[in-house]
Amino acid sequence: SLEKQLICPICLEMFSKPVVILPCQHNLCRKCANDVFQASNPLWQSRGSSAVPSGGRFRCPSCRHEVVLDRHGVYGLQRNLLVENIIDIYKQESARPLHAKAEQHLMCEEHEDERINIYCLRCEAPTCSLCKVFGAHKDCEVAPLPAVYQRQKSELSDGIAMLVAGNDRIQAIITQMEEICHTIEENGRRQKQHVGLRFDALYGILEERKKELLQSIAAEQEAKLQRVRGLIRQYGDHLEASSKLVESAIQAMEEPQMALYLQVLVSLPCRITDMSKASMSSRPEPGYENMDHFSINVDYVAEMLRTIEFQTGA
């Protein structure tokens, strides 16, 4: 069973070094992998030696999974050192004689002249025939030592094969989970960008609305300032004219000649009367300077923004 796990699906021989592991976790001899690669990419070798060859692709002979190679070709595939080590151990064990280890404990400790040739199934220990007939194992069930040796070695070989197959499955799971991690990172990056764009849109709306409201305040502020400043200029002009009239009246009062004084006084009283009767009642109404009506309440908007959450529905 172990040997079956170590057979290359291309050459149908035991893997020869170096052994490469495909992305689908199946193994091939590098030479066999290169043969399959060359068959699928016949023009790969025909390119000029000065040009750097690009990668190619071929399908795994075991599962038909498409294998994409970089510019290094088959030499860019990772070596499966675990399988290579198992092959070395298997070949060493296969080359060793079956009785090599048995010869180290060939003679029975209780009966020095008797060879150990049977196996006690109850005690799970090798022993000799005299131990079974007269000794400690006379009431035990025994079996021929070579048969037990071959059975247990076959069971161990099957166990190794199971471990190798299990390692391949674990490696496949690890690769799959690594791909899941990559997908999670990519999806997280994409969703972060999406959320950022949505909030940027909200910022844009707030900035636009802020600009509109500030423009409204600025427009009314300018209109009120223009009106009040116009009234200031109007009152200033009246004050200047009245001051000049007062100076003229004072100068007339200082005139010593009666005829000249009366000549000047002819128009002065009328001007004083007109000036005093001029209406200066135009002024801003109480509270005209107030701008409180431009206050806004954003509490409900702020509360709504705090409730922003991810959608849970489809």
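What counts as what
Residues numbered from 1 in each chain as written. Predicted model: local features only at pLDDT ≥ 70, side-chain atom pairs only at ≥ 80, totals over all residues. Heavy atoms only, no water. Patch = residues over 30% accessible without salt bridge, like charges linked within 9 Å, V, L, I, M, F, W, Y side chains within 5 Å. Areas by Shrake-Rupley, 256 points an atom, 1.4 Å probe, with all protein chains shown as cover. Salt bridge = Lys/Arg side-chain N within 4 Å of Asp/Glu carboxyl O. Helix = DSSP H or I, 4+ residues; strand = E, 2+ residues; numbered from the N terminus. Buried < 20%, exposed > 50% of the residue type's maximum accessible area, 1.4 Å probe, protein only. Pairing = 2+ DSSP bridges. Axes fitted to C-alpha atoms, helices over the stretch in contact; angles between N-to-C directions. Contact = heavy atoms within 4.5 Å. Phe/Tyr/Trp six-rings, centres within 6.5 Å; stacked < 30°, edge-to-face > 60°. Lys NZ or Arg CZ within 6 Å of the ring centre and 35° of its normal.

**Q** Help me understand a nonpolar patch on the surface, please; the structure alone is not making it clear to me.
**A** There is a patch of nonpolar side chains on the surface, built from Phe199, Leu202, Tyr203, Ile205, Leu206, Leu305 and Ile308 and spanning about 620 Å² of accessible area. For the nonpolar patch, the element with the most residues is helix H5 (residues 145-253), which contributes five residues. Counting through the fold element by element, leucine 305 comes out in helix H8 (residues 299-306). The partly exposed category is assigned to leucine 305, whose relative accessible area is 37%.

**Q** Please clarify how the sheet that holds strand S6 (residues 118-120) should be interpreted in this entry.
**A** Paired through their backbone hydrogen bonds, the strands of a sheet run either parallel or antiparallel. Strand order in the open sheet formed by three strands is S7-S6-S8, with antiparallel pairing between adjacent strands. Both edges of this open sheet fall to strand S7 (125-127) and strand S8 (142-144), since each of them pairs with a single strand only. Across this sheet, the average inter-strand angle for adjacent strands is 35°, counted without regard to direction. Pairing geometry for S6 and S8, over three bridges, is antiparallel. Each residue of the ladder has a partner; that of cysteine 120, found in S8, is valine 142. Across the sheet, H5 is in contact with S6, S7 and S8; its angle to S8 comes to roughly 85°.

**Q** In this structure, what is going on with unusual backbone geometry? I would like to understand it.
**A** Comment: phi is negative for the bulk of residues other than glycine, and the bulk of peptide bonds are trans. Positive phi, normally seen in glycine, also occurs at leucine 12, with a value near 60°. In this fold, leucine 12 is placed in the loop between helix H1 (2-5) and strand S1 (19-21). Note on leucine 12: relative accessible area 60%, which makes it exposed. With phi around 65°, arginine 64 is a residue other than glycine that occupies positive phi space. Mapped onto the elements, arginine 64 comes out in the loop between strand S3 (57-59) and strand S4 (66-68). Residue class for arginine 64 comes out exposed when judged on its relative accessible area of 51%.

**Q** Can you walk me through the packing of aromatic side chains in this structure?
**A** Aromatic ring pairs are described here by two measures, namely the spacing of the ring centres and the angle between the planes. Scanning the model with the defined rule gives two aromatic pairs in all. Aromatic pair phenylalanine 37 and phenylalanine 58: ring centres 6.3 Å apart, planes at 70°, arrangement edge-to-face. Pair noted here: phenylalanine 37 is in helix H2 (residues 30-40) and phenylalanine 58 is in strand S3, with a separation of 21 residues, a long-range link. Of the two residues examined, phenylalanine 37 and phenylalanine 58, each falls in the buried class. With a centroid separation of 6.4 Å and an interplanar angle of 50°, the aromatic rings of phenylalanine 199 and tyrosine 203 are classed as tilted. With phenylalanine 199 and tyrosine 203 both in helix H5 and four residues apart, the pair spans about one turn of that helix. Residue phenylalanine 199 is classed as partly exposed on the basis of its relative accessible area of 32%. You can call tyrosine 203 partly exposed: its relative accessible area is 48%. For lysine 224, the ring lying beneath its charged end belongs to tyrosine 288, and the centroid distance is 5.1 Å. For arginine 227, the ring lying beneath its charged end belongs to tyrosine 288, and the centroid distance is 4.8 Å.

**Q** Explanation requested: the side chain of threonine 127 in the structure shown.
**A** Within the secondary structure, threonine 127 is located in strand S7. Other than its neighbours up to four places away in sequence, threonine 127 contacts Ile116, Asn117, Ile118, Cys120 and His137.

What is shown is where atoms sit, not what they do.
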